[in-house]
Amino acid sequence: MFETFFIKPLYNVFVYLIGVMPGGDVGLAIIAMTLIIRVLFYPAFAASIRTQMDMQAAQAELDEINKKYKDSSEERARHTLELYKSKKIRPFAGFVAILVQLPIFIALYFALFRESLPKIAENLLYSFVQIPQHINLNFLGFINLVAAHNILLSLLVGALQYVVAYLSMARIKPGLASFSKERQVAQKMQHNMMLYMFPALIAFIAYTLPAAVGIYFAATNLISIGQEWLIRKELNKKA
C-alpha cells in the first residue's frame, strides 16, 4: 500500500520529468521535482517561518510563564497554550515543513539506487507515462550523479546550508542578556552547532553519497533561501 499510494506516484512524476528535460538530464529532473514539491507546499514552509518569528516575538511572555509556573508543569503548559492561542501561534507548523521534504529523498533513493537508473521499472509506470528516450546521468554534462566524493559540490552544499542556518538562527535569536549564564552557554552552543557543525555534517554527507544527493541538497537550500526572501518581503509589506 505504501508503494502504491506514495512511492509509485512520485516515481512516475520523476520519470516523466526526466522525459521532458533537455537530453533527459536526471539532475535537472531532480531540481524540477524539488521545486514542484516546494511550491506545492509553500504555505507549510511559510507557516513554519512565521511561527518561528511569532514565537520569538512572544519569547518574553513565554519566559515569564516559565518563571511564574516553574513548579507546576500543568499550569505552565496551560498558560503556554493559551498564549499560543491568543497570538495565533502554531508550534507544530515546522514539522510539516520538514516532513514534506522526505518524499523527494525517498523517490530519489527508489529511482537511483533501488531501480538503478538508467533502468526503469516499467511495471510501476502509469499507462500515460512513457519511458524516457534518453536518460542522462551526467548533470549538465560534467557531474556524474551516481558517483560519490564530489568535493566542489559538497562545498557548495555546505555553503548553502550555512546560509539557510544563518537565516533560521536570525529568526529565533533570543536576547541572551536576560538569561542565566548556564542558559547563555547552552544557547551559544546550540547556535554554533546549527550554524557551523550542521552545515559541515551536510557537506560531509553530500561528499560521501552519490552526487544526486548533493544536487538535491543544493536545490533544496537554494529554494529555501528564495522562499525565505519572499516570506520576509510579504511580512514587511504587512508590517
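Look up: the structure comes first, before these words.
So, a few notes on the structure that sits alongside this text. (Residues numbered from 1 in each chain as written. Predicted model: local features only at pLDDT ≥ 70, side-chain atom pairs only at ≥ 80, totals over all residues. Heavy atoms only, no water.)

This part is about the packing of helix H4 (residues 59–68) against helix H5 (residues 73–87). Interaxial distance between H4 and H5 falls to 9 Å at its minimum, and their mutual angle equals 160°. Compared by their axis directions, H4 and H5 come out roughly antiparallel. The two elements H4 and H5 meet at a crossing, and its hand is right-handed. Along the contact surface, H4 presents Glu61, Leu62, Ile65 and Asn66, while H5 presents Arg76, His79, Thr80, Leu83, Tyr84 and Lys87. Residues belonging to the contact of H4 with H5 are distributed by class as follows: four nonpolar, three polar and three charged. (Axes fitted to C-alpha atoms, helices over the stretch in contact; angles between N-to-C directions. Helix = DSSP H or I, 4+ residues; strand = E, 2+ residues; numbered from the N terminus. Parallel < 35°, antiparallel > 145°, perpendicular 65-115°, else oblique. Left-handed = near helix turned anticlockwise from the far one by under 90°. Contact = heavy atoms within 4.5 Å. Nonpolar A, V, L, I, M, F, W, Y, C, P; charged D, E, K, R; others polar.)

A general feature of soluble globular proteins is that nonpolar side chains tend to end up buried together. Core analysis: the biggest nonpolar cluster contains 36 residues, and Tyr11, Phe14 and Val26 have the highest contact counts within it. With seven residues, the next largest nonpolar core counts Leu62, Ile65, Tyr69 and Tyr84 among its residues. (Core = buried A, V, L, I, M, F, W, Y, C linked by side-chain atoms within 4.5 Å. Buried < 20%, exposed > 50% of the residue type's maximum accessible area, 1.4 Å probe, protein only.)

Our next topic: the packing of helix H2 (residues 26–40) against helix H3 (residues 42–57). Where H2 meets H3, the closest approach of the two axes is 4 Å, and the angle between their N-to-C directions is 65°. Residues Arg38, Val39 and Leu40 of H2 form the contact with H3, whose participating residues are Tyr42, Pro43 and Phe45. Considered class by class, the residues forming the contact of H2 with H3 number five nonpolar, no polar and one charged.

To continue, consider the packing of aromatic side chains. Two numbers describe a pair of aromatic rings. These are the distance of the centres and the angle of the planes. Tallying each qualifying case throughout the model produces four aromatic pairs. Pairing tyrosine 162 with tyrosine 166 gives two aromatic rings, centres 6.5 Å apart and planes at 25°, and the pair type is stacked. Here tyrosine 162 pairs with tyrosine 166, and both are found in helix H8 (residues 151–172), just four residues apart, close to one helical turn. An angle of 35° between the planes, with centres 6.1 Å apart, marks the rings of tyrosine 162 and tyrosine 196 as tilted. Here tyrosine 196 lies in helix H9 (residues 181–208) and tyrosine 162 lies in helix H8, a separation of 34 residues in the sequence. Looking at tyrosine 196, the relative accessible area reads 48%, which means it is partly exposed. The rings of Tyr162, Tyr166 and Tyr196 are connected pair by pair, giving a single aromatic cluster. (Phe/Tyr/Trp six-rings, centres within 6.5 Å; stacked < 30°, edge-to-face > 60°.)

This part covers H2. With 15 residues, H2 should cover 21 Å at 1.5 Å per step; its first-to-last C-alpha distance of 21 Å lies within 8% of that length. Listing the buried residues of H2 in full gives Val26, Gly27, Ala29, Ile30, Ala32, Met33, Thr34, Ile37 and Arg38. Where H2 begins, the capping side chain belongs to aspartate 25, and its oxygen is found 2.8 Å from the backbone nitrogen of glycine 27. (Expected span 1.5 Å × (residues − 1). Polar contact = N/O pair within 3.5 Å; in protein donor to acceptor, adjacent residues only side chain to side chain.)

Limitation: the analysis is restricted to geometry and does not speak to function.
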